[in-house]
Amino acid sequence: MISFENSQYIKDQQKYTETVALEHIRPVARYFDDHEHEEPWDFINFIWNEGRKTLKNLAPGEETFEEPFMLQMHINEMIGWGDMGFYMCLPYPSLGGTAITSNGNEAQKNRLIERFRSDKVTWTAMALTESHCGSDAGAIRARAVQDGDSWVLNGEKLFVTNARKSLIDSDGFLVVWATTDPSAGYKAIKPFLVEKDAPGVKISKLEDKLGLRSSDTAVVLLEDCRVPFENLLGGVDGPGFKGAMKTFDEARPVIAACGCGIARATLDLLKEKLAEEGIKIRYGLPRNLMTSLERDIVDMDAQLNAAWLLVIKAASLVDQKKPNTLESSMSKAKTGDIVTRITQKGVELLGALGYSKKTLLEKWMRDGRIIDIFEGTGEINRLVIARLILGYSGKDLR
Ligand SMILES: Cc1cc2nc3c(=O)[nH]c(=O)nc-3n(C[C@H](O)[C@H](O)[C@H](O)COP(=O)(O)OP(=O)(O)OC[C@H]3O[C@@H](n4cnc5c(N)ncnc54)[C@H](O)[C@@H]3O)c2cc1C
């Protein structure tokens, strides 16, 4: 029988994460939204030195739970509930690490684990997007040319989350996707590990953003950037571009879980403000007897639950080592949709209070908008879903 009851271990980890959110995130969330490009070092150091002792999932190789990915979804949801920008600042493998574990060989995966076991706070980042290609990732122009026992990388990568943290604040990794042969299409697109001291890599700009303003998003320039031959992830016969898609299969539920956290934070705040006005939601009442406000809240609760169920289905497949492309895209497309609608409705229902900076709601509305943009926009995820359900190839349906 399917059980949706969480184990005691997940409940304990959720409780701890909630305390972290309440004590280390919420009190400073507004400050870091107002001071983009300042980094929340107190939170980062707390997680690296203390938080990881309890949240062992954040340190690769230390996972103690039999369903680590499912556990991670609950942690992400709770940190997203605290503040999604802070989730993006977490010193743990995140998107770059997923690229390494999805594409790398054992030696490369061990390098990642060792780095995260060192004393120095560490991040990873992944650079796919370029000025002319975001959704159409197969059109990458960044070049990788073999020269003796090195690869030489040239190109410009945009909107790279945690590039500053990986290359300046820590001895982290940047996974750069580049083509070894522009005439060969997808087949020639490969992932390369670029380290902090690699010659020819530099951050040329930090973006100013609508939301997630506590998180750094940078432009990365690669000018004759030389990396050792063994920094090609998975080697010459590695999964290549298919590996990028595999990375997204794991990364999309991660982002969707954070989005569910933002939506739940909104609903919690709405219910709290309504309760302060003496308004209680009468769950279970026939719909025709509910007030319009009650119907709005109940609909939002239902939409959030639907999104969350898709997230945990996609996550459960990862833990079972089964394909989850369809469920992963569904979780991301659904959450992108509901978090946008719920945060906007929240601002609407609270009126001027929602629009003001007296609460974090207007910020959550800005933060939540990203769920439908990065790691595959809503439209791209719907294309993936349609292809898989209808049996079309990428060429047939684009
Ligand atoms: C805060 C932030 C962080 C990011 N972090 C990273 C990162 O760490 N690494 C990284 O590589 N990138 C990152 N990105 C980039 C992000 O992944 C891209 O912005 C995203 O993939 C969309 O690409 P684009 O912006 O070029 O939009 P486009 O691809 O140009 O899309 C524009 C619009 O057209 C729609 N569209 C495009 N193609 C189709 C189609 N075939 N059918 C229907 N509609 C379509 C899209 O859905 C969208 O609405 C980040 C972006 C942001 C804003």
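Residues numbered from 1 in each chain as written. Predicted model: local features only at pLDDT ≥ 70, side-chain atom pairs only at ≥ 80, totals over all residues. Heavy atoms only, no water.

*Asks:* Sorry if this is basic, but what is going on with the packing of helix α5 (residues 94–103) against helix α8 (residues 241–276) here?
*Replies:* For any two helices packed against each other, one specifies the inter-axial angle together with the distance between the axes. Where α5 meets α8, the axes come as close as 9 Å, and the angle between the chain directions of the two elements is 125°. As far as their axial angle goes, α8 and α5 are oblique. α5 and α8 meet at a crossing whose hand is right-handed. Only Gly243, Ala244, Lys246, Thr247, Glu250 and Ala251 of α8 make contact with α5, whose side of the interface consists of Leu95, Thr98, Ala99, Ser102 and Asn103. The residue inventory of the contact of α5 with α8, partitioned by class, reads four nonpolar, five polar and two charged. (Axes fitted to C-alpha atoms, helices over the stretch in contact; angles between N-to-C directions. Helix = DSSP H or I, 4+ residues; strand = E, 2+ residues; numbered from the N terminus. Parallel < 35°, antiparallel > 145°, perpendicular 65-115°, else oblique. Left-handed = near helix turned anticlockwise from the far one by under 90°. Contact = heavy atoms within 4.5 Å. Nonpolar A, V, L, I, M, F, W, Y, C, P; charged D, E, K, R; others polar.)

*Asks:* How do you make sense of the environment of Lys363 when you look at a structure like this?
*Replies:* Following the sequence through the fold, Lys363 ends up in helix α12 (residues 361–368). Since its relative accessible area comes to 2%, Lys363 is described here as buried. In sequence terms Lys363 and Asp83 are 280 residues apart; their C-alpha atoms lie 9.4 Å from each other. Look past the residues within four positions of Lys363 in its chain and what remains in contact with it is Ala29, Arg30, Asp33 and Asp83. (Buried < 20%, exposed > 50% of the residue type's maximum accessible area, 1.4 Å probe, protein only.)

*Asks:* Looking at this structure, I do not really get helix α13 (residues 378–390). What am I missing?
*Replies:* Residues spaced three or four apart along an α-helix face the same direction, because each turn holds 3.6 residues. If you check α13, its first and last C-alpha atoms are 18 Å apart, about what 13 residues at 1.5 Å a residue would give, namely 18 Å. The complete set of buried residues in α13 reads Gly378, Asn381, Val384 and Ile385. Projection of α13 onto a plane perpendicular to its axis shows the buried side chains occupying an angular sector of 125°, all on one side. Exposed positions of α13 whose direction lies more than 90 degrees from the buried face are Glu379 and Leu390. Tucked into the core, α13 has its buried residues touching α8 and α10 (325–350). (Expected span 1.5 Å × (residues − 1). Arc of directions from axis to C-beta.)

*Asks:* How do you make sense of unusual backbone geometry when you look at a structure like this?
*Replies:* Residues other than glycine predominantly adopt negative phi, and peptide bonds predominantly adopt the trans conformation. Here Asp224, not a glycine, exhibits a phi torsion of approximately 50°, which is positive. Since its relative accessible area comes to 53%, Asp224 is described here as exposed. The backbone of Glu375 sits at a positive phi, close to 55°, despite the residue not being glycine. Following the sequence through the fold, Glu375 ends up in the loop between α12 and α13.

*Asks:* Can you walk me through the pairing of strand β5 (residues 189–195) in this structure?
*Replies:* Across a regular strand the side chains alternate sides, sitting on one face of the sheet and then on the other. Of all seven residues in β5, seven are buried, a share of seventy percent or more. Side chains of β5 alternate between two faces, with Ile189, Pro191, Leu193 and Glu195 and Lys190, Phe192 and Val194 buried alike. Sheet topology places strand β4 (residues 173–179) next to β5; seven bridges connect them, and they run antiparallel. Counted as the bridge partner of Trp177 is Pro191 from β5. (Pairing = 2+ DSSP bridges.)

*Asks:* Help me understand the packing of aromatic side chains in this model?
*Replies:* The geometry of an aromatic ring pair is captured by the separation of the ring centres together with the interplanar angle, meaning the angle of the planes. The final tally for this structure, using the stated rule, is ten aromatic pairs. Note on Tyr31 and Phe32: the rings are 5.1 Å apart at their centroids and 80° apart in plane angle, and the pair reads as edge-to-face. The class for Tyr31 is partly exposed, based on a relative accessible area of 38%. Between Tyr87 and Tyr92, the aromatic rings sit 6.1 Å apart at their centres with planes inclined by 70°, giving edge-to-face as the arrangement. Here Tyr87 matches Tyr92 in class, with each residue buried. By way of ring pairs, the aromatic residues Tyr31, Phe32, Phe43 and Phe86 are connected into one cluster. Sitting above the plane of the Trp81 ring, Arg26 keeps its charged end 4.1 Å from the centroid. (Phe/Tyr/Trp six-rings, centres within 6.5 Å; stacked < 30°, edge-to-face > 60°. Lys NZ or Arg CZ within 6 Å of the ring centre and 35° of its normal.)

*Asks:* Sorry if this is basic, but what is going on with helix α6 (residues 106–117) here?
*Replies:* With twelve residues, α6 should reach 16 Å at 1.5 Å per residue; the first-to-last C-alpha distance of 16 Å fits that figure. Those residues of α6 not exposed but buried are Gln108, Leu112, Arg115 and Phe116. One face of α6 carries all of its buried residues, which in axial projection span an arc of 95°. Exposed side of α6, more than 90 degrees from the buried face: Glu106, Ala107 and Glu114 are the residues found there. On the buried face of α6, the contacting elements are α2 (41–54), α5, β1 (124–127), β4 and β5. Capping of α6 at its N-terminal end is provided by Asn105; its side-chain oxygen lies 3.2 Å from the backbone amide nitrogen of Ala107. (Polar contact = N/O pair within 3.5 Å; in protein donor to acceptor, adjacent residues only side chain to side chain.)

*Asks:* Would you mind going over the pattern of salt bridges with me for this structure?
*Replies:* Should the charged atoms of two oppositely charged side chains come close, the side chains can pair. Here the structure, examined in full by the defined rule, presents 34 salt bridges. Arg213 is paired through a salt bridge with Asp33; the nearest N and O atoms lie 3.6 Å apart. On the criterion of sequence distance, the pair formed by Arg213 in the loop between β6 (201–206) and β7 (217–228) and Asp33 in helix α1 (residues 8–34) is long-range, its members being 180 residues apart. Judged by its relative accessible area of 4%, Asp33 falls in the buried class. As a salt-bridge pair, Arg287 and Asp299 come within 3.0 Å of each other at their nearest N and O atoms. Here Arg287 is found in the loop between α8 and α9 (292–319), whereas its partner Asp299 is found in helix α9, with twelve residues between them in sequence. You can call Asp299 partly exposed: its relative accessible area is 31%. (Salt bridge = Lys/Arg side-chain N within 4 Å of Asp/Glu carboxyl O.)

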